[in-house]
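Read off the chains here:
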Amino acid sequence: MKLYISTDFEGVAGIVDWDQIMVGSHDYEMGRRLLLGELNAAIDGALQAGAQTILVNDSHSSMRNLDPEQLHGAASLLSGKHKPLYMMEGLDSSFDAIFFLGYHGSIGASHAVLSHSYNPRAIWEARINGEVVGETALNALVAAHYGVPIALVSGDEVTVEEAQRLEPAPHGAIVKRSISRYAAESLHPTLARERIHQAAHDALTMRKPASAPTFPRPTTVELTFLTADMAEMGAWVRGVELVEGNARAVRFGGDDLLDLFRTFVTLVMLTRGLVE
Ligand SMILES: [Zn+2]
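Below, the structure is looked at part by part. Predicted, not measured: the structure shown is a model, and the values here were computed from it.

### With respect to the coordination of the zinc ion
The protein atoms donating to the zinc ion are Asp 8 (OD), Glu 10 (OE), Glu 10 (OE) and His 60 (ND1), with metal-donor distances spanning 1.9 to 2.4 Å. Every donor residue of the zinc ion comes from the same chain, spaced as D-x1-E-x49-H. Here Asp 8 is found in the loop between strand E1 (2-7) and helix H1 (28-48), whereas its partner His 60 is found in the loop between strand E2 (53-58) and strand E3 (75-78), with 52 residues between them in sequence. The burial state of Asp 8 is the same as that of His 60; both residues are buried.

### Thoughts on the nonpolar core
Within the largest apolar cluster, 49 residues are counted, with the highest numbers of intra-cluster contacts made by Met 88, Ile 98, Tyr 118, Leu 223, Phe 261 and Phe 264. Only strand E4 (97-101), strand E5 (123-128), helix H2 (135-146), strand E7 (150-156), strand E10 (219-225), helix H5 (228-234), strand E12 (246-254) and helix H6 (257-271) provide two or more residues apiece to this core. Ranked by the residues each element gives to this core, the list is headed by H6, at eight residues. When neighbours within four sequence positions are excluded, Phe 261 is seen to be in contact with Leu 85, Met 88, Tyr 118, Leu 138, Asn 139, Leu 141 and Val 142. Judged by nonpolar contacts, the second largest core, of 37 residues, contains Leu 36, Ala 42, Ala 51 and Val 56.

Conventions we followed
Residues numbered from 1 in each chain as written. Predicted model: local features only at pLDDT ≥ 70, side-chain atom pairs only at ≥ 80, totals over all residues. Heavy atoms only, no water. Donors = N, O, S within 2.8 Å, 3.2 Å for Na, K, Ca; no water. Helix = DSSP H or I, 4+ residues; strand = E, 2+ residues; numbered from the N terminus. Buried < 20%, exposed > 50% of the residue type's maximum accessible area, 1.4 Å probe, protein only. Core = buried A, V, L, I, M, F, W, Y, C linked by side-chain atoms within 4.5 Å. Contact = heavy atoms within 4.5 Å.

Rendered as structure tokens:
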């Protein structure tokens, strides 16, 4: 069995502030130990469930948050910036299952610690086929394209609830309860790791989803930016159009889900140039 793990950071137990998860920040070393602890627990659980090949894609910020020496020896590591498929780089149809580890709620969710949707300084809201979505559903476009089931999502309860709107719903491991965007009540790291270890095992055995996520085709993605300038710039990309009546929103759609995700990544990268 071949497993793909995309790791974010905000959804790890004990994490409540950017100061714990950005390279060079005060509590970063502590934060990355917490992330690694949950990741290695997930890998252990997956191995016990029969996983043989495991690829970890470090997907948060600089995308070099994981110490290669401390990563579980059974996994290989994809890290570093400028990955064409970003949080989903490295996935292809040879994989049997996906884990989203340490994920977080969408930018508009209430009581969701460190909530955002890719870029909190550019994207105000993302929708797929009219429904407000976060990173789990956006990344699920790639999973759907390659036909790989999303077996497990870990994070706070908002993240898991958002992820379980996918069809079919992934198994969830809740490791904290968000109080606000900068406060949460977390399990002790030891307990969080035990919960993730068990959930990883179950997600690949008795709770394994029957199929990859599905989206009605054609699929439409709509992004609302913080400023009209960002939307204007987004509409320079072929296939992307401004939404009538909303100067801050763009829309693009089609049947090719990988193509939609690539367009989304292009818009994320492009609008970075307008963030002050
Ligand atoms: Zn992140």
